[in-house]
Amino acid sequence: MRFSENWLRTLVNPSCSSNELAQALTMAGLEVESVEAVAPSFDKVVVAEVVSMQKHPNADRLNVCQVDVGMAGSKLLQVVCGAPNVDVGVKVPCALVDAHLPDFVIKQSKLRGVESFGMLCSAKELGLSENADGLLLLPENAPNGMNFRDFYALDDRVFILKLTPNRADCLGVFGVAREVAAITATDFVLPEIESAKSEITDTITVCVDKPEMCPLYCGRVVREVSLDVSTPLWMVHRLERGGIRAINVVVDILNYVMLEMGQPMHAFDLARIGSEYSGKIYVRYAKTGEYLELLNGENLELQSDMLVISDETEPLALAGIMGGIRSSVQLETTDVFLESAFFSPEVISGKTFRLGFSSDSAHRFERGVNFAATRDALERATNLILSICGGKAGPITEVKNILPKRNVVKVRLERIKRLLGIGMESRQISEIFTRLRFNFFIDDEVFHVTPPPYRFDLAIEEDFIEEVARIYGYDHIPASLPRPIMSMLPESEVINLSPARLKHILISRDYREVINYAFVDANWELDFVNNLSPVVLKNPIASQMSVMRSSLIGGLVANLQFNLNHKQNRVRIFEIGCCFTNNEGNYQQTENIAGLCYGDVVPEQWGQVARNIDFFDVKMDVESLFWPEQVRFEKFSHPTLHPGKSAQIYKNDKVVGWLGEMHPRLQRKYDLPKPAILFELHIDSLSVRALPKVKKLSKFPPVRRDIAIVVANHISAQMLLESMNAEKAAIISEIHLFDIYSGKGMESGKKSLAFRILLQDSEKTLVDKEVDEAIAKLISILESKYNAKLRG
């Protein structure tokens, strides 16, 4: 938002400097991005009129001018000028002798033998423009001899506000003035807006098809408008300093009212609405196949969610965004239809992003405009048009539906004190709300406040408390340290393992970390997870990155292929990252850790025979991540893994991941010479560990016994270990499987498992009888549960 400081001070004039005003606005939440001078410093430049002119005797492109600079006795000043647009009767700025311009000083001099007592100036020479084709021509009514800075109001500054989206009320000078008055406790006066006199009865019927999208539409016919007149200089200056260029007088007036009141407006050439000056205006959604050539020259194909203003035949304007060329006001226009409306922010929001361009109207409508001033803005614009351009106005056509409700909000004095941390009285709050022009009443220290129609950001109690803090002054709120009541809280005796610690464990086991995109190929989701409904991206950055990953394995396999292509035949990598699932529209995000091993178990060396890494090598790496806690591995099937070389991982009877060798089908599809070993774990199962328990070390020697039992092939070693550990004697400290045998000499369908059993007592040395009884109990457990037999 840009505006002239001089314009602002005609409405509210606080007793503070420009810099102090900028600081006050910034501290109240309206950040002033910059304050810029309208023009650089220069002096002794006056309004001058060229009275006579003759060719320079010694130069074809120079003219000797006699100019009236308002000197006593009607004395003329001789100035030599080479500008192409200099002519008798024009009024221009004239720099007198000893004038200090931005880049040089004017001296009395001779040009090709003819004396010159000054210089006729262009906008570029005065620092008002970067380019200039000739002299800066002034209006005919400019008084000769007047200080040009005063005439052009150059002792002015432009404030540039960096408004947040919720402060649309300050997208007009009236709104900024209202805010300045509240901040500085200064009175401000708005121009009185009178209803324009209706001299004709002409109207246009307005039909609003979607009242919820356009709750208020006001229109008026104005005939016999003259566009030959120039826009007043004061208005041009305010427009230019507000960042808007002058176009024609009617459009300039509507833009001026927008800058003034924050209400965008539009003017249609009445002759181009309908046929024979009697048409209708429709506010509706665009139809399929409709096009509209906009004022910016773009021939836009309209979409069905775009609100348009149309006549009986075709769209005339894109509602709230930009008008069309066909119905635009041109120099030959004599009759106009003025539009002032309130469009719902929802119907405008997001359209400019999709279209690739924005406009001042859209910028305001998508944030919300003051619907209570829609009719006043039309009256204001009509009065300005009639006073500047002439014409005859008709009555206002108004289509009004349900406008946004302004619900009363209760603001408690005690809550204001508690949130702001300062002691405030009802009198102070009332004064602030009055300065903000809020309607309110007080009931038992509760303020019942009705938000004004121009403040869409005020809806809950905290919004009004923030208003109190803004106007009171953030810098007036004393800084104080909080004084909490502290007490010791119980802390769970668990170890929180950070992802960094997990990385350190795997790196110490010869892994390398990789980081991949969460956007993956849809085929990976089918191959590695059999995911038929992945999270699909609406706007993928590449065709092969169209879905969100639900597993980290696809990226690791791609990393493996990349390394193999670069002759790296031993790969051990891992990744920690987020995965995403779609459960019937319920999107979830989880963090996983996954790893891949390929090639030799150790780097090639002379001291160890080379062999490919296998399931059990990686199983040991996975167990190291969970240490000192124990996890259980059970056979299961997974679309990525070999049916006979895969396991699901359980911790405390809860599935926490899987481990296995890549399925031969995928190994062939991804052109891998050897099988890869993969694992993937839920990282939340690794983040918390039970605190290790202290156990007394025995000073007595342990006793070892080995037993070999024969069981059916379908019975797993894990089942046997769990049964023995559950019912073992107290003196048994460890049971460990160290051998499995099946084959020659073994009954069909049977296998032999050998266990190492360590026995130890912390109080005494064990005797053979105690050891034999403990071993016999284990054998008895296995015989009764699994029909196991002791192998001879």
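Scope of this entry: the structure provided in the associated data block. All values derive from a computational prediction rather than experimental measurement.

So, on to the sheet that holds strand 28 (residues 535–536). Taking strand neighbours across the sheet as the criterion, the three strands line up as 27-29-28 in an open arrangement whose pairing is antiparallel. Of all strands in the sheet, those bounded by a partner on one side alone are strand 27 (519–520) and strand 28. In the sheet, strand 27 pairs with strand 29 (residues 547–548) via two bridges, with the strands oriented antiparallel. By the bridge assignment, Val520 is partnered in strand 29 with Val547.

The next point concerns empty space enclosed by the protein. Using the criterion set out here, one finds three cavities of 30 Å³ or more in the structure. A volume near 60 Å³ is recorded for the largest cavity. What lines the largest cavity is Arg167, Asp169, Gly175, Arg178, Glu179, Ala182, Arg435, Leu436, Phe438, Tyr454 and Arg455. The element contributing the most residues to the lining of the largest cavity is helix 4 (residues 173–184), with four residues. Looking at the lining of the largest cavity residue by residue, the classes come out as four nonpolar, one polar and six charged. Of the pockets and cavities examined, the second largest cavity occupies roughly 40 Å³. Taken together, Val520, Trp524, Glu525, Phe528, Val529, Arg549, Ser551, Gly554 and Gly555 make up the full set of residues lining the second largest cavity. Mapped by element, the contributors of at least two residues to the lining of the second largest cavity are helix 15 (522–529) and helix 16 (553–565). Per-element tally for the lining of the second largest cavity: the top contributor is helix 15, with four residues.

Once that is clear, we can look at the environment of Leu227. Secondary-structure assignment places Leu227 in the loop between strand 12 (216–223) and helix 5 (233–241). Once the C-alpha coordinates of Leu227 and Ile388 are considered, the two residues, 161 residues apart in sequence, prove to be 9.5 Å apart. Every residue in contact with Leu227, bar those within four places of it in the chain, is listed here: Asn248, Val249, Val250, Val329, Gln330, Leu331 and Thr333.

Looking now at the nonpolar core. Ranked by internal contacts, the top residues of the largest apolar core, which has 121 residues, are Tyr217, Leu318, Phe337 and Phe343. Of all hydrophobic cores here, the second largest spans 28 residues; its members include Val711, Leu759, Ile775 and Tyr786.

Under the defined criterion, the tally for this structure stands at 20 aromatic pairs. Each ring, one from Phe342 and one from Phe371, has its centre 5.5 Å from the other, and the planes form 65 degrees; the classification is edge-to-face. Taken together, the positions of Phe342 in strand 20 (residues 336–342) and Phe371 in the loop between helix 9 (360–365) and helix 10 (374–389) put the pair 29 residues apart, joining distant regions of the chain. Summarising the burial analysis for this pair, Phe342 and Phe371 share the class buried. A ring pair is formed by Phe433 and Phe447, whose centres lie 5.6 Å apart and whose planes are at 90 degrees; its orientation type is edge-to-face. Highlighted residues: Phe433 in helix 12 (residues 426–435) and Phe447 in strand 24 (residues 446–450), separated in sequence by 14 residues.

Note on placement: Asp617 falls in helix 17 (residues 615–626). A relative accessible area of 12% places Asp617 in the buried class. Leave out the neighbours within four places in its chain, and Asp617 touches Val601, Arg611 and Asn612.

This part is about the packing of helix 6 (residues 249–261) against helix 10. Packing of helix 6 against helix 10 leaves a shortest axis separation of 10 Å and a crossing angle of 140 degrees. With respect to helix 10, the element helix 6 is oriented oblique. Classified by chirality, the crossing of helix 10 by helix 6 is right-handed. Residues Val249, Val250, Ile253, Leu254, Tyr256, Val257, Glu260 and Met261 of helix 6 touch helix 10, and the partners they reach there are Asp376, Ala377, Arg380, Ala381, Leu384, Ile385, Ile388 and Cys389. Taken together, the residues of the contact of helix 6 with helix 10 sort by class into 13 nonpolar, no polar and three charged.

Thresholds, definitions, all that
Residues numbered from 1 in each chain as written. Predicted model: local features only at pLDDT ≥ 70, side-chain atom pairs only at ≥ 80, totals over all residues. Heavy atoms only, no water. Pairing = 2+ DSSP bridges. Helix = DSSP H or I, 4+ residues; strand = E, 2+ residues; numbered from the N terminus. 1 Å grid on protein atoms, 1.4 Å probe; cavity = no way out; pocket = protein on both sides within 12 Å on 5 of 7 lines; lining within 4 Å. Points joined across faces, edges and corners; volume = space filled by probe spheres on them. Nonpolar A, V, L, I, M, F, W, Y, C, P; charged D, E, K, R; others polar. Contact = heavy atoms within 4.5 Å. Core = buried A, V, L, I, M, F, W, Y, C linked by side-chain atoms within 4.5 Å. Buried < 20%, exposed > 50% of the residue type's maximum accessible area, 1.4 Å probe, protein only. Phe/Tyr/Trp six-rings, centres within 6.5 Å; stacked < 30°, edge-to-face > 60°. Axes fitted to C-alpha atoms, helices over the stretch in contact; angles between N-to-C directions. Parallel < 35°, antiparallel > 145°, perpendicular 65-115°, else oblique. Left-handed = near helix turned anticlockwise from the far one by under 90°.

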